[in-house]
Every structure is written in structure tokens, then in C-alpha cells.
Amino acid sequence: WSIKADKMRRHLLPLMRQHEIDLWVILSRENTPDPLVELFGGYGVTGWYGHRNAYLFFDPGSGDELETTALGTHLSGHLGRFYDRITLYGEEGLRPHLREYVVARDPRHIAINQSRTISMADGLTAELKSYLLDTLGPTYQDRVVSSEPLVVDYASVHTGAEDMVQREASQATYDLLRRAFSREVITPGRTTLMDVQYWI
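Description of the structure in this document. This one's a predicted model, so the numbers in the text were calculated from it and none came from an experiment. Numbering of residues starts from 1 in each chain and follows the order in which that chain's sequence is written. Only residues with pLDDT of at least 70 get local features here, since the model is predicted, and only at 80 or more are side-chain atom pairs given and counted; chain-wide, interface and lining totals rely on the full set of residues. Hydrogens are left out, water is left out, and the side-chain values use all remaining heavy atoms of the structure.

## Description of the overall build of the protein chain
- Secondary structure assignment for the protein chain yields six helices and six strands.
- Here's how the labels work: a residue is buried when its accessible area is under 20% of the maximum for its type, exposed when over 50%, partly exposed in between, all with a 1.4 Å probe on protein chains only. Taken across its 200 residues, the protein chain has 38% of its residues classed as buried.
- If you take every contact in the protein chain between residues at least 6 apart in sequence, the share linking residues at least 24 apart comes to 65%.
- In the structure as shown, the protein chain presents an accessible area of about 11100 Å², 52% of it carried by carbon and sulfur atoms.
- Just so you know, the count uses Lys and Arg for positive and Asp and Glu for negative, and it drops His and the chain ends. Note on charges: their place is set at NZ of Lys, CZ of Arg, CG of Asp or CD of Glu. Charge separation in the protein chain, taken as the distance between the mean sites of 21 positive and 27 negative side-chain charges, equals 4 Å. Only DSSP runs of H or I covering at least 4 residues are called helices, and only runs of E covering at least 2 are called strands; the numbering of each starts at the N terminus. In what follows, a contact means two residues having at least one pair of non-hydrogen atoms within 4.5 Å. Only the protein chains shown count as cover for residues, with accessible areas throughout obtained via the Shrake-Rupley method and a probe of 1.4 Å.

Listed below in C-alpha cells is the structure:
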């Protein structure tokens, strides 16, 4: 999580500016988490299983600080490394908090996770999109754009720490496969493909 938080702090704001995105809204919901939440704190036991949660990344337009906010239910303290503000809501629901947030910042371009071609950038369900557009109202509905280019570039940039983890994972994979295709696992004429798969 520290590696992911460091990457977010280093690279997300410059990429948002490169793609002229003022606000990136990730909406997630219990039982249908957006796949991108794994990049910004995770879900399940780490606190992403709320009724309706909004994860907001805003470019204040000056300086080098990204404004990060989580609005929702069941938000764990773990998310503090990713979000400067964590707001829990009650029976009033997400809508008034999200609406107030957007109106106060008046973003020109609002990115949402909807894409025809990149599944990772297509995590916004039909119901949540309808909920979001209704919350934004006519003034802000026309400012919505796809997050696809931002998602592709963000996933493509790597920190040194990420590269180290990837090298360790690749080496571990290679070591397992080398053993899987050795006489430790394979007995010629007897071992099946499924035997090898189950061993792995």
C-alpha cells in the first residue's frame, strides 16, 4: 500500500494535467467494486465495501499537491495514506456530499471510469453513472469525459519500488515453473497437464 500511495502522490497530478482533467471521480459500491480501487487503497477488508462510495482526485490548479477525498460508508483508517479527507455519511446518503464537493470546486473536466475498449477503465456501473449524472445536474453533466487515457498512462508509469516488486514476482514465477517442469513434479508417461497445474 505504501508503494501504491507513493506512486499516486508522485504521478497522478501531472498525468491529470497532461490530460486536462480537473476532477477524477471513482464511484464504487458493495458487491460491485470498481477495479481501479485496487490502485488507491483496495477494497474488502481494507474499507472499500461501502453502500456507495466516492473517491475523488482533484487538481486545485496551483502548486504540486493533489487533493484527495473519500466520501462513503465503512471507510477504514487504512485509507488515510491515500486520502487527505475522509468523510463518512449517514442516512442522508452520498448525494448531498458529492454535489457540494463538485459545486465548490467547479471542475471544467470530470473524468469517470467508462470506456469502450479498456476494461480496467470501465468500472462505473449503469446505475452508478445514472446516480452520478443526476447528482451533478445539467451544469456538470456536459463536463464528463472518459478516464481511459488517464488510466492507461497511469498504469503504464512505474516507480522504482514497483519495478523491484515486479522483478521479485517474475523471479518467483520463474522458479516455480522451473520446478513444475522438472522430475520433482513430472513422471514421464504418468503426469498429466492437470497434475502440473494443481501442483503450481
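## Considering the sheet that holds strand β1 (residues 23-29)
- Pairing is mixed in the open sheet, where six strands are placed in the order β4-β3-β2-β1-β5-β6. Because the sheet does not close on itself, it has two edges, and the strands there are β4 (85-88) and β6 (144-146). Shown here is a sheet whose adjacent strand axes are inclined to one another by a mean of 25 degrees, direction ignored.
- We treat two strands as partners when DSSP finds at least two bridges between them. Pairing of β1 with strand β2 (residues 52-58) involves seven bridges; the strand directions are antiparallel. Directly across from V25, in β2, lies its bridge partner L56.
- Working convention: axes come from line fits to C-alpha atoms, limited for helices to the stretch in contact. Angles between N-to-C directions cover 0 to 180 degrees. Here helix α1 (residues 2-18) sits on the sheet in contact with β1, β2 and β3 (67-72), set at roughly 75 degrees to β2.

## Notes on helix α2 (residues 95-105)
- Of the positions making up α2, those classed as buried are L98, Y101 and V102. For α2, the angular spread of buried residues about the axis comes to 90 degrees, placing them on one side. Opposite its buried face, α2 presents the exposed residues E100 and A104, each directed more than 90 degrees away.
- Check the buried side of α2 and you find it contacts β1, β2, β3, β5 (110-112) and α3 (126-141). Here the arc refers to the directions that run from the helix axis out to each C-beta atom.

## Here's the deal with the pattern of salt bridges
- The working definition used for a salt bridge is a side-chain nitrogen of Lys or Arg within 4 Å of a carboxyl oxygen of Asp or Glu. According to the stated counting rule, one finds 14 salt bridges in the structure shown.
- Its salt-bridge partner being R52, residue E127 comes within 3.0 Å of it at the nearest N-O pair. Pair noted here: E127 is in helix α3 and R52 is in strand β2, with a separation of 75 residues, a long-range link.
- Between D134 and R95 there is a salt bridge, and its shortest N-O distance comes to 2.8 Å. With D134 in helix α3 and R95 in helix α2, the pair connects residues that are 39 residues apart, well separated along the chain.

## Section: the pairing of β3
- Counting buried residues in β3 gives six out of six residues, a clear majority hidden from the surface.
- Side-chain alternation along β3 places E67, T69 and L71 on one buried face and T68, A70 and G72 on a second face that is also buried.
- Pairing of β2 with β3, which is carried by five bridges, proceeds in the antiparallel orientation. Note on β3: the bridge partner recorded for F58 is E67.
- Where β3 and β4 come together, four bridges link them in parallel fashion. Bridging from a neighbouring strand, L71 pairs with T87 of β4.

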